[in-house]
Each structure stands twice: as C-alpha cells, then as structure tokens.
Amino acid sequence: MNKNLLGAAALVLATLLFNPAWAQESPPVDRTATGGAQTLEDIMRRQEQLKLDESFRSENLGNPANAAPITDQLGTRGGVSDADVWRSIRYNKIDPTIQSPGPANTVMIQDEGIAWYKLREGPVITYGGGALLGIIVLLVVFYFVRGRIMIDGGPAGTTIERFKAIERFGHWLLAGSFIALGLTGLITLMGRSFLIPVMGPDAFATLAAGSKWLHNNVAWAFMLGLVMTFVMWVAHNIPNKLDWQWLKAGGGIFTKGHPSAKKFNAGQKIIFWTVMVLGFSVSLSGLSLLFPFQMPMFADTFGVINSVLGTSLPTDLAPHEEMQYANIWHSIVAFVMMVAIIAHIYIGSVGMEGAFDAMGNGQVDLEWARQHHDLWVAEVEAKQGKGGSS
Amino acid sequence: MKVMISAFVAALVIASLAPVVLNQFGWSAAEQASSESVRLD
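Residues numbered from 1 in each chain as written. Chains lettered and ligands numbered in written order. Predicted model: local features only at pLDDT ≥ 70, side-chain atom pairs only at ≥ 80, totals over all residues.

### Considerations on the overall build of chain A
Scanning chain A for helices and strands turns up 15 helices and two strands. Here the C-alpha radius of gyration of chain A, 28 Å, is well above what a compact globule of 390 residues would show, namely 21 Å. For chain A, buried positions account for 22% of its 390 residues. Taking all contacts inside chain A whose residues are at least 6 apart in sequence as the whole, residues at least 24 apart take part in 67%. (Helix = DSSP H or I, 4+ residues; strand = E, 2+ residues; numbered from the N terminus. Rg over C-alpha atoms; globule rule 2.2 N^0.38 Å. Buried ≥ 20, exposed ≤ 12 C-beta atoms within 10 Å, placed from the backbone. Contact = placed C-beta atoms within 7 Å.)

Printed below as a string of structure tokens:
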C-alpha cells in the first residue's frame, strides 16, 4: 500500500518535472548582438511558454547617474529614454503623480494580473470543480456500497435532547449562509464559462449582480454563525485519546460495533476544526476582498513563511496583486470547505438514519444516541438522573 | 425546523442590514477610488 502511494507521488512529481513551464530554468541568453535588448531566442521561449528571465528589460530602466549635462543633447531626459520610461510603467517601477487617492491608483500596468487570470480561469475552476464532482460521485458510490447507516435494532421510540435551540440556530445560520455563499461564489467564479453559454450575457449579468450582492452581504451572517458555533462547541471538540480509538475503528462505518464517543466523535471534531480553521481563513481573505486594498495581508504572510521555511515567496506586492492572492486563496479554501461540507451534509441526512433530527428538532432517538454517542448519553443521564430522557 | 427557518431568515436580515450599517460607519467604495474633486455626487 505504502509502495503504491510512493509510486503515485513519484509519478505526480515526475509529471510536474516534465511540465516545461514549471520545471525548466531560464538559461543565460547572449544579448550582445541586440545591445542587451530582446533577442529572437527570448521571443521563441515566450511563444513556447517556457520560463523567461525578464530582468534584462524589467531592470533596464535608464540610469540618471549617466545623464548628459542639462544643456547637452537629451540632457533634459535625465538619463532615462522613452523606452526606459515605458518599461518602468510596464513593470510598475514608477512613482506617478495622481489626482485621486487610493493605493491602487498609482499602478498603471499590473503585469502579474495575467498569471492570476490564467490561474483563476484554469486550474482553480478545473480542480475545484473536479473536486466537487468527485466528492459527489464518491458519496453516491459509498451509498450504494455501504448503504444507509441504520440504527441497530431499530429506534427506541423515546428521545433525548441533542442540541438546544440556540445551538441549532447557530448551526443553521452558519450552514444557510455557507450554502448561499457557496452557490453565489460558484456563479461568480464559473458563470462566465458555464452560464453565459446557456442563459446569455444579459440574464447572467442580472444573476451575477444579485450573486455579488448576496455573497458580499450574507458573509456577515456566516462570520456570526462561525463565532457562535465556535463559542458553543469548542469545549466539546478538544481532541482526546478517545478520538484515536474512534478513528482506529473507522467510526464503526464498516464494522458492527460503534466506538465510544462523547458529545462529538472524532469525525465530527475533524469537521468542526476544518470549518473553524478554514472558515476563519476564508473570512479573512473575504474581508480583504470586501474592503479592496484596505486589508493587504499576503506580503506580510509570505514574509513570515519565508523567515520560517526559508522560501522566497514574493513580499513586494502591488495592491492589485494582494487582491489577486486573496481571491485565489479565497477560492481554494472555499472549495476545500465545500468538499468537506458536502460529505457532512450526506452523513447528516441521507447517509445515517436519525442523524438529521439532531439539527432538525434537536431531539434524537435514544437508541441512536446510545449507539453513536454513548458516553454523552451517560453524562446527560447522570446529570438528569436515570430516566431523564424526554 | 422553526429554528432552521428562523436562522435562514436571520441570515437574510443580516445581509440586508449589512450595507446600511457599513454606510453608517462611513464606508464607501467610491471614496476609496476617487477624491471629492473628481466625484460627481
């Protein structure tokens, strides 16, 4: 099994190595024939989408130290030619005077934007969409292989309160807003590719504007739900030794017995921390997008990562670039969350008999509770006295 | 189910109030990208 995994990993790495755009270092180019300017080889490498060291022109911005005296020919240019000025604009290396405020307004051409656009329209949509379809297919297969997880011996007929009204309110505030955010986010990300061909640009414009409004504003409900559920449930989701036993037993999914669990089992704790950590992260990147250019956070984050891991992530980012990183990160984290939540929705509804009642009306069948959360039932009964179930 | 419906309604109420509250706090996307001398309002 481990050998298979290693083999698969080696194959993936080898595939990356053979990707010309990612793997090949840019070889030194002799530009003496062009006086340091672009050569045919540069053009050919660019056409073949090979890596190209642009510093020969991005750093060729003139030299005021070599400027001719002011009374001489071209002396008023201060050692900077027209071509130098245009390169400065092209690579965002000028400090222009502007009449309107805002950090982004000083950037005239944002070269890195094309890389963001290609990433967003390419791998993010392809792999993100693929992951969503993949988890749905996986769950359908799981349903037909394993079937619905039933209450062994049938329901007891008596119930026990699983979640109070305020807990369910917090859960549904988080869940409802997340589903709205997920759907409107997918419309925003993928609509241009998949909806415009179906419904036309005019109808999509209305849908996209509505999606944007809902996405931007329902985000506050999501953040409130995130805080509510964290405060209410964090104490019950601290990992302990019992979780390891539960995981080793595979949660009892493919075995007859049910491993012991308190209020939340290890699977639920994984979902909880996934939602909390990723929810916090997606909220931060979302706030950065909601208040454009006001909350740049990637340059500082990359700086910390570089100092810890010794990487060389870019720390000198244009304001637009900060937004582009926030946008890509927001999408990636959202896709991971959606995959996890689709699995959570499955197991909390069609995947398990009696599970939905916990969040539906708060009352679960006593036998269901004993099978899936035996230690929690014992705690509740000890508090209420025997026979305290409603 | 009443709790679920009320949470969904609450999410919509929060979404409706959010732009009003942000406006009260003085947030304006227009102010981020233009100065008074070039704004037409």
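Structure's up, so let's keep going.
### Side note on the overall build of chain B
A tally of regular secondary structure across chain B gives two helices and zero strands. Across the 41 residues that make up chain B, the buried fraction comes to 12%.

### Here's the deal with the domain arrangement of chain A
Residue and element names in this part refer to chain A. Partitioning chain A into domains gives domain 1 (2-106) and domain 2 (113-384). Look at where the C-alpha atoms of domain 1 and domain 2 centre, and you get two points 41 Å apart. Listed as interface residues are four residues of domain 1 and, on the opposing side, four residues of domain 2. A per-class count over the side of domain 1 that touches domain 2 returns two nonpolar, two polar and no charged. (Domains from an automatic or database assignment. Nonpolar A, V, L, I, M, F, W, Y, C, P; charged D, E, K, R; others polar.)

### Some remarks on the environment of B:I14
If you trace the backbone, B:I14 turns up in helix 1 (residues 2-24). Accessibility expressed as a C-beta count within 10 Å gives 21 for B:I14, which makes it buried. Counting along the chain gives eleven residues from B:I14 to B:V3, while the straight-line C-alpha distance between them is 16 Å. Non-local contacts of B:I14, meaning those with residues more than four positions away in its chain, are made with A:W220, A:A221 and A:L224.

### Focus: the nonpolar core
A:L173, A:V218, A:A221, A:F222, A:M337 and B:A11 are the most contacted members of the largest nonpolar core, which has 34 residues in total. When residues in this core are grouped by element, the largest group, ten residues, is from helix 12 (residues 319-347) of chain A. Contact partners of A:V218, with chain neighbours within four places excluded, come to A:S177, A:A180, A:L181, B:A11 and B:A15. In this structure, A:I151, A:I160, A:A355 and A:M359 belong to the second largest nonpolar core, which totals eleven residues. (Core = buried A, V, L, I, M, F, W, Y, C linked by C-beta atoms within 7 Å.)

### Here's the deal with the packing of helix 7 (residues 165-194) of chain A against helix 1 of chain B
Between helix 7 of chain A and helix 1 of chain B, the least distance of the axes is 8 Å, while the angle of their chain directions is 50°. Considering the angle they form, helix 7 of chain A stands oblique to helix 1 of chain B. With respect to the hand of their crossing, helix 7 of chain A and helix 1 of chain B are arranged in right-handed fashion. Between helix 7 of chain A, through A:A165, A:R168, A:F169, A:W172, A:L173, A:G176 and A:S177, and helix 1 of chain B, the contact on the second element is made entirely by B:V3, B:M4, B:S6, B:A7, B:F8, B:A10 and B:A11. Looking at the contact of helix 7 of chain A with helix 1 of chain B, its residues break down into ten nonpolar, three polar and one charged. (Axes fitted to C-alpha atoms, helices over the stretch in contact; angles between N-to-C directions. Parallel < 35°, antiparallel > 145°, perpendicular 65-115°, else oblique. Left-handed = near helix turned anticlockwise from the far one by under 90°.)

### Quick look at the packing of helix 8 (residues 196-233) of chain A against helix 1 of chain B
In contact at an axis separation of 8 Å, helix 8 of chain A and helix 1 of chain B are set at 120° when each is read in the N-to-C sense. With respect to helix 1 of chain B, the element helix 8 of chain A is oriented oblique. Crossing angle aside, the handedness with which helix 8 of chain A passes helix 1 of chain B is right-handed. Along the contact surface, helix 8 of chain A presents A:L214, A:N217, A:V218, A:W220, A:A221 and A:L224, while helix 1 of chain B presents B:A10, B:A11, B:I14, B:A15, B:A18 and B:P19. Split by residue class, the contact of helix 8 of chain A with helix 1 of chain B holds eleven nonpolar, one polar and no charged.

### Thoughts on the interface of chain A and chain B
The interface is formed by 21 residues belonging to chain A together with 17 residues belonging to chain B. Listed by contribution, the elements that provide at least two residues to the side of chain A that touches chain B are helix 7 and helix 8 of chain A. No other element matches the seven residues that helix 7 of chain A contributes to the side of chain A that touches chain B. A breakdown of the residues in the side of chain A that touches chain B according to their chemical character gives twelve nonpolar, eight polar and one charged.

### Section: unusual backbone geometry
Residue and element names in this part refer to chain A. With a phi close to 60°, Q49 is a non-glycine residue in the positive phi region. Within the secondary structure, Q49 is located in the loop between helix 3 (40-47) and helix 4 (55-58). Given 10 C-beta atoms within 10 Å, Q49 falls into the exposed group. A positive phi angle, close to 70°, is found at F293, a residue other than glycine. Judged by the 16 C-beta atoms lying within 10 Å of it, F293 is partly exposed.

### Re the confidence of the model for chain B
In the predicted model, chain B carries a mean pLDDT of 80, and 66% of its residues have values of at least 70. Both scores are given for the predicted complex: the pTM is 0.83, the ipTM 0.82. (pLDDT = per-residue confidence, 0-100.)

### Remarks on the environment of A:F356
Residue and element names in this part refer to chain A. Tracing the chain through its elements places F356 in the loop between helix 12 and helix 13 (357-360). For F356 and V333, which are 23 residues apart along the polypeptide, the C-alpha to C-alpha distance reads 26 Å. Leaving out residues up to four positions away in the same chain, F356 has contacts with G348 and S349.

### As for the confidence of the model for chain A
All names here are of chain A. Per-residue confidence for chain A gives a mean pLDDT of 89, with 92% of residues at or over 70. Within chain A, no element has a lower average pLDDT than helix 2 (residues 20-23), which sits at 44, and none a higher one than helix 7, at 97. In the model, residues 11-23 has pLDDT below 50 throughout and makes eight contacts with residues more than four positions away in sequence or in other chains.

### Some details on the environment of A:N361
All names here are of chain A. The residue N361 is located in the loop between helix 13 and strand 2 (363-365) in this model. According to the C-beta neighbour criterion, N361 is partly exposed, with 18 such atoms within 10 Å. Considered as a pair, N361 and F163 are 198 residues apart in the sequence and their alpha carbons are 8.4 Å apart.

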